[in-house]
Amino acid sequence: MTDRRRIVAGNWKMHGSLGAARELAGALAATAHEPGRGLPEVIVFPPFPHLDAVRRVLEDAESAGTLAVQLGAQDVSSQGEGAHTGDVSAGMLADCGCSHVLVGHSERRTAFRESDELVATKFQRAADQGLIPILCVGETLREREAERTGEIVLRQLAAVMELCGAGGFTRAVLAYEPVWAIGTGHTATPEQAQEVHALLRGEIARTDAKISAGLRILYGGSVNGANAAALFAQPDIDGGLVGGASLDAKEFLRIITAV
Ligand code: PEP
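Predicted model, so just to flag it, every value in this text is computed and none were measured.

Caption draft 1: Highlighting the packing of helix H1 (residues 18-29) against helix H11 (residues 249-258). H11 packs onto H1 with a crossing angle of 35 degrees between their chain directions and a minimal axis gap of 10 Å. Note that H1 runs across H11; the crossing there is right-handed. Packed against H1, whose contacting residues are Leu-24, Ala-27 and Leu-28, the element H11 presents Ala-249, Phe-252 and Leu-253 at the interface. Here the contact of H1 with H11 is built from residues that sort into six nonpolar, no polar and no charged.

Caption draft 2: Region of the structure containing the sheet that holds strand E4 (residues 100-103). Strand order in this closed barrel of eight strands is E1-E2-E3-E4-E5-E6-E7-E8, and the pairing throughout is parallel. Sheet twist, expressed as the average angle between the axes of neighbouring strands with direction ignored, equals 25 degrees. In this structure, strand E1 (residues 7-11) lies alongside strand E8 (residues 239-242), joined through four bridges in parallel fashion. From the neighbouring strand, Val-8 faces E8, where its bridge partner is Gly-240. Packing of helix H5 (residues 116-128) onto the sheet brings it into contact with E4 and strand E5 (132-137), and relative to E5 it is tilted by some 160 degrees.

Caption draft 3: Spotlight on unusual backbone geometry. Although it is not a glycine, Lys-13 sits at a positive phi angle of roughly 50 degrees. Classification of Lys-13 by relative accessible area gives buried; the value is 18%.

Caption draft 4: Region of the structure containing the site of the ligand. In the vicinity of the ligand lie 14 residues, with Lys-13, Glu-177, Gly-183, Ser-222 and Gly-243 positioned nearest. Backbone polar atom of Ser-222 to an oxygen atom of the ligand: 2.7 Å apart, as the coordinates give it. Gly-244 places a main-chain nitrogen or oxygen 2.8 Å from an oxygen atom of the ligand. In isolation the ligand offers 300 Å² of accessible surface; the protein chains occlude 95% of this area. Per-class residue counts for the shell around the ligand are four nonpolar, eight polar and two charged.

The rules we used
- Residues numbered from 1 in each chain as written.
- Predicted model: local features only at pLDDT ≥ 70, side-chain atom pairs only at ≥ 80, totals over all residues.
- Heavy atoms only, no water.
- Axes fitted to C-alpha atoms, helices over the stretch in contact; angles between N-to-C directions.
- Helix = DSSP H or I, 4+ residues; strand = E, 2+ residues; numbered from the N terminus.
- Left-handed = near helix turned anticlockwise from the far one by under 90°.
- Contact = heavy atoms within 4.5 Å.
- Nonpolar A, V, L, I, M, F, W, Y, C, P; charged D, E, K, R; others polar.
- Pairing = 2+ DSSP bridges.
- Buried < 20%, exposed > 50% of the residue type's maximum accessible area, 1.4 Å probe, protein only.
- Near = heavy atom within 4 Å.
- Polar contact = N/O pair within 3.5 Å; in protein donor to acceptor, adjacent residues only side chain to side chain.
- Areas by Shrake-Rupley, 256 points an atom, 1.4 Å probe, with all protein chains shown as cover.

Encoded structure:
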């Protein structure tokens, strides 16, 4: 039995206005903290221009003693600084109050053709600036049907292991997000997800058993209040990376309490 603290992360993607972001953050943060209930870590990932406003809302709520919600960014530059128009560096995100950052989300890998190597560089940049990277891995439907799921997720993981070693996962988080489950309503079954989570944990254990045992591995892909508990009951699923359902404060809180 491990004592890995669960995580529920909400990826808001490119949704909503500044006002809506403030309102959503306020609704989440206003939830009374009930000591002893073993609440998970909660992290929200607003769009870049909303980070500062959301940070203020979260800080105000925290000082009022309610649910502590951490702040993350949806992406980070692979570069430290310089002439990289449109990029946002890890240092800038840390300055904005971010503690976490997503790297390798499938929407970035696909739409922006981010390679495994680029994702690994982003992971390293984030970690170097003291951010906690959440590395997303996952296979497409075609890859699953061709029985290539294991090969794909291990290849995505290997790029980061090559650059940062297993030590890179001392603080970092992994997220298994089957591409066919993201935003589709087709959630992986708890057994399908557990199989991949166990594979990923086992791969890291081959290099470092202690880091592997402490590593939080999140499941993402159409998680909602109704299916969260069954997923989170699996031994290697340590929480969720939630897209659509994180935009509805009530539904997101259902997921948080399912943990
Ligand atoms: C995501 O964006 O990472 C995600 C898992 O989205 P959804 O929960 O909507 O499938």
